[in-house]
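These are the residues of each chain, in order.
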Amino acid sequence: MSPEAPSTPRSLAEALRARDDASLAALLRGRPDLITPVPSDLTQLATRAGTRASVLRALERLDRFALQTAQALAVAPDPESYDTLLGLLAGDGGDAAVADALPRTVASLREQALVWGDDDRLRLVRTARELLAPSPQHPSPTGLGPTVREATSGMSPGRMQEIVATAGLRSTHDSVSAVTALTALFTDRAKMGELLDGAPEAAREVLSRLMWGPPYGQVTADPALHLRWLLDRGLLLPTTPGTVVLPREVALHLRGGRAHRVPEPLPPAVEPAAAHSPRVVDATAAGQAFTALATVEELLKSWNQGGPAVLRAGGLSQRDLKRTAVALDLSEPVAAFWVELTYAAGLLASDGQADERYAPTPAYDTWLALPPAERWAHLAGIWLTATRTSGLIGGRDAKDRTLSALGPGLDRSAAPEVRHRVLTLLAGLPEGGAPSAEAVLARLSWERPLRGPQRDSTEDLRTRLARWTLTESEALGVTGRGALSGQGRALLGSQGRAHGVDAADAVRASGHPGPETDSGHPGSGTAATATAPGPGASGTAPEPDSGTGPGPFAPLSPAEQAAATSAAARLLAPLLPEPLDHVLLQADLTAVAPGPLRRPLADVLGVLADVESKGGATVYRFTPGSVRRALDAGQTAVGLHAFLAEHSRTPVPQPLAYLIDDVARRHGHLRVGAASSYVRCDDDAVLNEILADKRAAALRLRRIAPTVLAAPCDPATLLEGLRGMGYAPAAESADGDVLIARADAHRTPPRTAPDPVPDGPPPPDATLLTAAIRAIRAGDLAATAPRKSTGTELAGGELPRTTPADTLATLQAAVLTGDTVWIGYVNAEGAASQRVVAPVRVEGGFVTAYDHTADEVRTYPLHRITGVAELAED
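Residues numbered from 1 in each chain as written. Predicted model: local features only at pLDDT ≥ 70, side-chain atom pairs only at ≥ 80, totals over all residues. Heavy atoms only, no water.

So, about the overall build of the protein chain. Scanning the protein chain for helices and strands turns up 35 helices and 25 strands. Split into buried and exposed, the 874 residues of the protein chain put 47% on the buried side. A fraction of 68% describes how many contacts in the protein chain between residues 6 or more apart in sequence connect residues 24 or more apart. When the accessible area of the protein chain is evaluated, it comes to approximately 41200 Å², of which 54% is carbon and sulfur surface. (Helix = DSSP H or I, 4+ residues; strand = E, 2+ residues; numbered from the N terminus. Buried < 20%, exposed > 50% of the residue type's maximum accessible area, 1.4 Å probe, protein only. Contact = heavy atoms within 4.5 Å. Areas by Shrake-Rupley, 256 points an atom, 1.4 Å probe, with all protein chains shown as cover.)

Mapped onto the elements, Arg747 comes out in the loop between strand S20 (730-731) and helix H34 (766-784). A relative accessible area of 18% places Arg747 in the buried class. Only 2.9 Å separates the side chain of Arg747 from the side chain of Asp365, close enough to count as a polar contact. The residues touching Arg747, leaving out its near neighbours within four places in the chain, are Asn304, Pro360, Thr361, Pro362, Tyr364 and Asp365. (Polar contact = N/O pair within 3.5 Å; in protein donor to acceptor, adjacent residues only side chain to side chain.)

Counting 88 residues, the largest nonpolar core has Phe186, Leu235 and Leu236 as the members making the most contacts within it. Per-element tally for this core: the top contributor is helix H5 (residues 64-74), with seven residues. Other than its neighbours up to four places away in sequence, Phe186 contacts Val148, Met192, Leu195, Arg233, Gly234, Leu235, Glu249, Val250 and His253. Residues Val270, Ala286, Leu429 and Ala567 belong to the second largest nonpolar core, which totals 68 residues. (Core = buried A, V, L, I, M, F, W, Y, C linked by side-chain atoms within 4.5 Å.)

In terms of burial, H5 is largely enclosed, as eleven of its eleven residues are buried. Its side-chain oxygen at 3.1 Å from the backbone nitrogen of Phe65, Asp63 defines the N-terminal cap of H5.

Omega for the bond connecting Thr36 with Pro37 falls within 30 degrees of zero, at -5 degrees, which places this linkage in the cis form. Examined against the element boundaries, Pro37 turns out to sit in the loop between helix H2 (21-30) and helix H3 (42-49). Of note, the amide linkage connecting Gly213 to Pro214 takes the cis form, showing an omega dihedral of -5 degrees. At Ala113, a position not held by glycine, the phi torsion is positive, near 60 degrees. Mapped onto the elements, Ala113 comes out in the loop between helix H7 (96-111) and strand S1 (115-116). Backbone geometry places Leu589, a non-glycine residue, at a positive phi of 60 degrees. Examined against the element boundaries, Leu589 turns out to sit in the loop between strand S12 (584-586) and strand S13 (590-593).

In this section: the sheet that holds S12. The strands making up a sheet associate through hydrogen bonds between their backbones, and the pairing can be parallel or antiparallel. Here four strands make up an open sheet; going across it, the order is S12-S13-S15-S14 and the pairing antiparallel. The open sheet has two edge strands with one neighbour each: S12 and strand S14 (610-613). Mean inter-strand twist for the sheet, computed between neighbouring axes without regard to direction, equals 30 degrees. (Pairing = 2+ DSSP bridges. Axes fitted to C-alpha atoms, helices over the stretch in contact; angles between N-to-C directions.)

A full pass over the atoms with the stated rule returns 35 salt bridges. For Arg388, the salt bridge goes to Asp411, with nearest N and O atoms at 4.0 Å. Taken together, the residues Arg388 in the loop between helix H20 (372-385) and helix H21 (415-427) and Asp411 in the loop between H20 and H21 connect sequence positions 23 residues apart. A relative accessible area of 11% means that Arg388 is categorised as buried. Linked through salt bridges whose partners overlap, the residues forming this network are Arg61, Glu417, Arg448 and Arg462. (Salt bridge = Lys/Arg side-chain N within 4 Å of Asp/Glu carboxyl O.)

Take the packing of H5 against helix H6 (residues 82-90) next. Remark: H5 packs on H6, axes separated minimally by 10 Å, with the N-to-C direction vectors making an angle of 115 degrees. You can see that H5 and H6 cross each other, and the crossing is right-handed. Here H5 contributes Phe65, Gln68, Thr69, Ala72 and Leu73 to the contact with H6, which in turn contributes Leu85, Leu88 and Leu89. In terms of residue class, the contact of H5 with H6 is made up of six nonpolar, two polar and no charged. (Left-handed = near helix turned anticlockwise from the far one by under 90°. Nonpolar A, V, L, I, M, F, W, Y, C, P; charged D, E, K, R; others polar.)

The five strands lie next to each other as S24-S23-S22-S21-S25, forming an open sheet whose pairing is antiparallel. Here the strands that pair on one side only, and so sit at the sheet edges, are strand S24 (856-861) and strand S25 (865-870). Neighbour-to-neighbour, the strand axes of this sheet turn through a mean angle of 45 degrees, independent of strand direction. Of the strands in this sheet, strand S21 (821-826), strand S22 (832-843), strand S23 (846-851) and S25 touch helix H35 (residues 804-817), which is tilted by about 60 degrees from S22.

Another point: empty space enclosed by the protein. Enumeration according to the criterion identifies one cavity of 30 Å³ or more in this entry. When its volume is computed, the largest cavity comes out at roughly 80 Å³. Considering the residues around the largest cavity, the lining is formed by Phe337, Glu340, Leu341, Ala344, Trp383, Ala386, Arg388, Thr389, Ser390, Arg419 and Glu472. Per-element tally for the lining of the largest cavity: the top contributor is helix H18 (residues 332-344), with four residues. Residues of the lining of the largest cavity, tallied by class, amount to five nonpolar, two polar and four charged. (1 Å grid on protein atoms, 1.4 Å probe; cavity = no way out; pocket = protein on both sides within 12 Å on 5 of 7 lines; lining within 4 Å. Points joined across faces, edges and corners; volume = space filled by probe spheres on them.)

Here the focus is the environment of Cys713. By secondary structure assignment, the location of Cys713 is in the loop between strand S19 (708-711) and helix H33 (715-724). It is 8.4 Å that separates the C-alpha atoms of Cys713 and Arg700, two residues lying 13 residues apart in sequence. Among all residues touching Cys713, those that are not within four sequence positions of it are Ser676, Ser677, Leu699 and Leu718.

Helix length check: H21, at 13 residues, gives a terminal C-alpha distance of 18 Å against a target of 18 Å (1.5 Å per residue), a fit within 8%. In terms of burial, H21 is a largely internal element, 13 of the 13 residues being buried. (Expected span 1.5 Å × (residues − 1).)

Below, the structure is given as structure tokens:
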């Protein structure tokens, strides 16, 4: 005898029960929400897989062809065969690409538990069918309307018989058989062809307009003759007064059996729109990375003494954002990006004071001490995983409130996935290849299509995120000239290595000569042409293994992310310019830094002089205010002269030496302290001069001693007022000592960087999957194990309750015979469960047994066992 064929599953739970552990692991990995918390058995897993929220999440992660396949199943009878599904997608004429892609797409839909059943009885999960099936309230993307049976559900029997007779069919005894006959006519290609051959030309034009949707139209109470012809034969059916619909069967005949106008079984290719030398790409990206570091440092340096105030609702005001953009010489959107990035990196936060302001955090000082390449890698790694999205700034939230920089409401959980996917697509191109933005957006749109039409003309969030990613990666130096750089590939970690980052590492390890002229030919003059091109060398990104795009996004683990950023820093380090330890002093009170300066020199010079211009070389200008700022920070005239002489390749100009000596001679001659505030000076003539100055009227000074003036304002206001009058006062403490105001004095308390907002539960790791599958299998064994009938079972197959005496006797007998029994158990929290156990010992009010559900030996109090039953012998 031949082995018995496996039975067809009657439910999704049975279909899941027939899977092996690898298939269950693939389901839980692709839909991690199903494992949070771990289901008790496969029936509960199937129930959870059919809930609306879970099905919606799964549908939103389908690629366009998989979604088209699910939509085709939603308009087909339930169940339906694979051949019919193929006809709905490929049409009567067939489509080789569809026929080739459909098997793996159906397999993927089965794997995600959206489709179940054998090929001759394919079923779409009921919730998915309800979401995708066409209705007047929710039109299907297929453009199909209701079936004949659905459209005629409220039609009178007499009217149905009239339609059947006019269509040339025999009259029937009831409406059900009439609907069946009309449906059979509309699905018969030959008979429908004959029927439509006799249609008026105007009637055929009406059908052609409704064929691809929307299938609804308006008619008057007295329709035209060609419309009457269609209505009398059921080719148009009334739904509401004045509204008619094209039945689904008629539309499919007119379309040649296709559910979609254009099936898209293959993803759009992402091809290089421009080709650059990889060395030029890396050099360009390195230049952008250096500029990015300088921008972040300048931003936080400008907020060293306390930045803009925090709005009451949180965030940065539009006026302060505009001032920051002007100070950085950037547009407001770009300035907002850098502000948000420094905040996401934990380098910037609010100080938490009563007059709350933004300021650098202590982590900023730690970050400044790192080598430049490591500082960049830290920023780039944070950008890749951050969910805060600066592109939303200036828009409106759900309550029509303006979204501000550093404010709430800017987190978008899809941002990390979109950034990774965009960079992965770039990594799939030959090195130096730069695709067009439209090609990248088209590919992402295929991988994650929108469900339903847009409410307005604006782009969807994922498209906007992709556009922002292309712009931000260029500004950050992850890409150069639109192509992914070597350090950008390394930043992707394992995903970048899968797309050829190892070859890039080999090229960089051989030595990088620095910038060169772009030849315009991919790989010219580089060792990259001698290496194997790897995936994507044909000019297109590697196609996904299945019909559902790239699969669920799995971020790198902390260890993998640390390794990736470290590798990116190593690749970037030789491309950054070497910091200099000197400047060129000039007679016009300026200093020229021909390149980046080493940290101690840059810090001191940043206090001693003001930046006048930036570019390939930075120009600093010395002014009385900047010299006074250095003296306020604790420097002396002697120390400044020595510092400039040590770090200048040119002699210290005489005007600069005179400026330092002149400011130092007057610095601290006046002393300002707290009275509310006072001015103290040993030279009473200077105080007389101040009192006589009209500009001092706003300070409301009065003499309280020959050498002391008092003011009702605070010391900081008094200091600024006197400095505005041309004096060089110094602040002093209560003990009369000069206060030193260092440039980095103001820091927030230690703050942690904001955590990214996850996009649902994270994909489970292998350990969790193994434990979860074992628990689900054990729970399913307990739930489906056959039991001996006792005649006292409760409704629904629940475990019967037994008396304590019967429970004890059954367990003791099981110990002697070694049998396995079924028990009901209530834990200390009151949670009830059912378990299959093999009792080993019963004593002292406890039963010790091997629990098949938990796959371990456990001890249970007898008073918590609600009932017991023997398992059937089979």
